[in-house]
Amino acid sequence: MGDLLLVRHGETEWSRSGRHTGRTDVPLTEHGREEARRLAPLVRSHRIGAAFVSPLQRARETAALIGVRDARVDADLCEWDYGGYEGVTTVEIQRERPDWFLFTDGVAPGPPDHPGESPEQVGARADRMLGKVDAALANTEGVVLLIAHGHFLRVLTARRLGLPPQHGALFQLATGALGRLGTEHGRPVVAGWNVRMPE
């Protein structure tokens, strides 16, 4: 296994206010664009063998701003489908469900086009994506870059490390930040996390 770089998109209005932003296609704020631009030197310091990006505009714009023009768009990189909690903050949810925690409790059902996903469903999607990552790593000498979303990348990290999806809760990832998953003695490890260029 080679290294896997994970980039969370820059800030949006919804991420700034803490609203769960799954499939709602909100753009970056100007601050979010600057966060993405600051990541460019960090990404350029690696030889990118393959890159994948979520189809949502906040991820695609982040990819463009860090100078990645040939990333393959992959729907498996979409953010967690929050169903009935789309656009709602954790504080608002916990007014009705005081002990609610996304990574263990999942979400309330949503409309037919966005019914919501359980932690296990997000984990299965992360496993599919990791299969594509491994295929790309087998055919390149560089690292594989994923540009996507906070909660999804946290679950993907847990799965890469052999942990259940719920353990994604352990890997907080800020907007406009980079993580690197590598190996030590043939086993996957976190080699860098929440890396950002100073402002």
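In short, a report on the structure. (Residues numbered from 1 in each chain as written. Predicted model: local features only at pLDDT ≥ 70, side-chain atom pairs only at ≥ 80, totals over all residues. Heavy atoms only, no water.)

The number of helices and strands found in the chain is seven helices and six strands. For the chain, the succession of helices and strands along the chain, N to C, is β-α-α-β-α-β-α-α-α-β-α-β-β. In terms of principal-axis extent, the alpha carbons of the chain reach across some 50 × 35 × 30 Å. Taking all 199 residues of the chain together, 49% fall into the buried category. Taking the intrachain contacts of the chain between residues at least 6 apart in sequence as the baseline, contacts between residues at least 24 apart amount to 68%. Working note: accessible area of the chain is about 9100 Å², and carbon and sulfur atoms make up 49% of it. (Helix = DSSP H or I, 4+ residues; strand = E, 2+ residues; numbered from the N terminus. Buried < 20%, exposed > 50% of the residue type's maximum accessible area, 1.4 Å probe, protein only. Contact = heavy atoms within 4.5 Å. Areas by Shrake-Rupley, 256 points an atom, 1.4 Å probe, with all protein chains shown as cover.)

Let us look at the packing of aromatic side chains. The final tally for this structure, using the stated rule, is four aromatic pairs. Where W80 meets F103, the ring centres are 5.7 Å apart and the plane angle is 85°; that geometry is what we call edge-to-face. Taken together, the positions of W80 in the loop between β3 (72-73) and α4 (90-96) and F103 in helix α5 (residues 102-105) put the pair 23 residues apart, joining distant regions of the chain. Here W80 matches F103 in class, with each residue buried. Chaining the aromatic ring pairs together yields one cluster made of W80, F101 and F103. (Phe/Tyr/Trp six-rings, centres within 6.5 Å; stacked < 30°, edge-to-face > 60°.)

In terms of burial, strand β4 (residues 143-148) is a largely internal element, six of the six residues being buried. Burial along β4 is two-sided: the residues V143, L145 and I147 and V144, L146 and A148 are all buried. In this structure, strand β1 (residues 4-8) lies alongside β4, joined through five bridges in parallel fashion. Bridging across to β4, V7 finds its partner in I147. (Pairing = 2+ DSSP bridges.)

Here we take up the nonpolar core. Ranked by internal contacts, the top residues of the largest apolar core, which has 31 residues, are L4, F52, W80, V144, L146, F152 and L156. Listed by contribution, the elements that provide at least two residues to this core are β1, β2 (48-53), α5, α6 (119-138), β4 and α7 (150-160). In contact with F152, other than residues within four places in its own chain, are D76, L77, C78, E79, W80, V122, R125, A126 and M129. Grouped together as the second largest cluster of nonpolar side chains are 18 residues, V43, I66, A71 and L178 included. (Core = buried A, V, L, I, M, F, W, Y, C linked by side-chain atoms within 4.5 Å.)

This part covers the side chain of R8. Within the element layout of this structure, R8 appears in strand β1. Look at R8: it is buried, it has no salt bridge, and the nearest opposite charge is E79 at 5.9 Å. (Lys, Arg positive; Asp, Glu negative; His and termini not counted. Salt bridge = Lys/Arg side-chain N within 4 Å of Asp/Glu carboxyl O.)

Of note, H185 is a non-glycine position whose phi angle comes to about 55°, a positive value. Along the chain, H185 turns up in the loop between β5 (178-184) and β6 (187-195). Phi at N194 is positive, roughly 55°, even though this residue is not glycine. Here N194 shows up in strand β6.

Below, the discussion takes up the packing of α6 against α7. Two numbers describe how α6 lies on α7: the axes approach to 9 Å, and their chain directions differ by 70°. Overall, the two elements α6 and α7 adopt an arrangement that is roughly perpendicular. Considering only the axes of α6 and α7, their crossing is right-handed. Side by side, α6 and α7 meet where V122, G123, R125, A126, D127, M129, L130, V133, D134 and L137 of the first sit next to F152, V155, L156, R159 and R160 of the second. Across the contact of α6 with α7, the residue classes break down as nine nonpolar, one polar and five charged. (Axes fitted to C-alpha atoms, helices over the stretch in contact; angles between N-to-C directions. Parallel < 35°, antiparallel > 145°, perpendicular 65-115°, else oblique. Left-handed = near helix turned anticlockwise from the far one by under 90°. Nonpolar A, V, L, I, M, F, W, Y, C, P; charged D, E, K, R; others polar.)

This part covers the sheet that holds β4. The six strands are arranged β3-β2-β4-β1-β5-β6 in an open sheet whose pairing can be described as mixed. Bordering the open sheet on either side are β3 and β6, each of which pairs with just one other strand. As paired elements, β2 and β4 share five bridges and run parallel to each other. Residue F52 lies in a different strand from β4, and its bridge partner there is L146. Packing of helix α2 (residues 30-44) onto the sheet brings it into contact with β1, β2, β4, β5 and β6, and relative to β5 it is tilted by some 20°. Strands in contact with helix α3 (residues 57-65) are β1, β2, β3 and β4; relative to β4, the strand with the most contacts, it is inclined by about 135°.

Keep in mind these values describe shape, not function.
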